[in-house]
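# Coordinate inspection notes
Chain residues, written in single-letter form:
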Amino acid sequence: MSSSPSQPPIVPGPREPGQPPSAPVYQPPAPAPAQQFTPPAYQPPVAERSLLEKRPEILIGAATVGGFVAAQILGRIRGR
């Protein structure tokens, strides 16, 4: 900086009119701040499972009964 406050600050550049300006000084980019994981402010609600997801044997039983009923109907159509 300058020695007295009344003088303008020293600016780097050419000292004489014919001299080329100096190259800019390389400054590496500042490192990115480390991102920290913050948990969500609330827990999303857990979807309640349907009855068939809780008890898959109901689905198997319904398929068995449906097959039995379909066999009875087809048997009557064929004349048994």
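Please refer to the structure higher up on the page.
The rules behind each value
Residue indices begin from 1 for each chain and proceed along its sequence in written order. Local features in a predicted model are, by the rule used here, given only for residues with pLDDT of at least 70; side-chain atom pairs are given and counted only at 80 or more, and totals for whole chains, interfaces and linings are based on all residues. Think of the side-chain values as coming from all heavy atoms in the structure, minus any hydrogens and water. Where helices and strands are cited, they refer to DSSP runs of H or I of at least four residues and of E of at least two residues respectively, numbered from the N terminus. We call a residue buried when its accessible area falls under 20% of the maximum for its residue type, exposed when it is over 50%, and partly exposed in between, using a 1.4 Å probe and counting protein chains only. Per-residue and other accessible areas were derived by the Shrake-Rupley procedure at a 1.4 Å probe size, with only the shown protein chains allowed to occlude residues. Every helix has an expected span of 1.5 Å times one less than the residues it contains. Here, a salt bridge means any Lys or Arg side-chain nitrogen found within 4 Å of an Asp or Glu carboxyl oxygen.

## A look at the overall build of the protein
Looking only at helices and strands, one finds two helices and zero strands in the protein. Evaluated residue by residue, the protein yields a buried proportion of 1% over its 80 residues. Carbon and sulfur atoms provide 64% of the accessible area of the protein, an area that totals close to 8400 Å².

## Digging into helix 2 (residues 56–78)
In this model helix 2 runs 33 Å from its N-terminal to its C-terminal C-alpha over 23 residues, within 8% of the 33 Å that 1.5 Å per residue would give. Positive backbone phi, at 95°, marks G79, one or two positions downstream of helix 2.

## Considerations on the pattern of salt bridges
A complete count under the given rule lists two salt bridges for this structure. Close ionic contact of K54 with E48 constitutes a salt bridge, the shortest N to O distance being 3.6 Å. E57 is the partner of R55 in a salt bridge, and the nearest nitrogen-oxygen pair spans 2.7 Å. Take E57: its relative accessible area is 41%, and that puts it in the partly exposed class.

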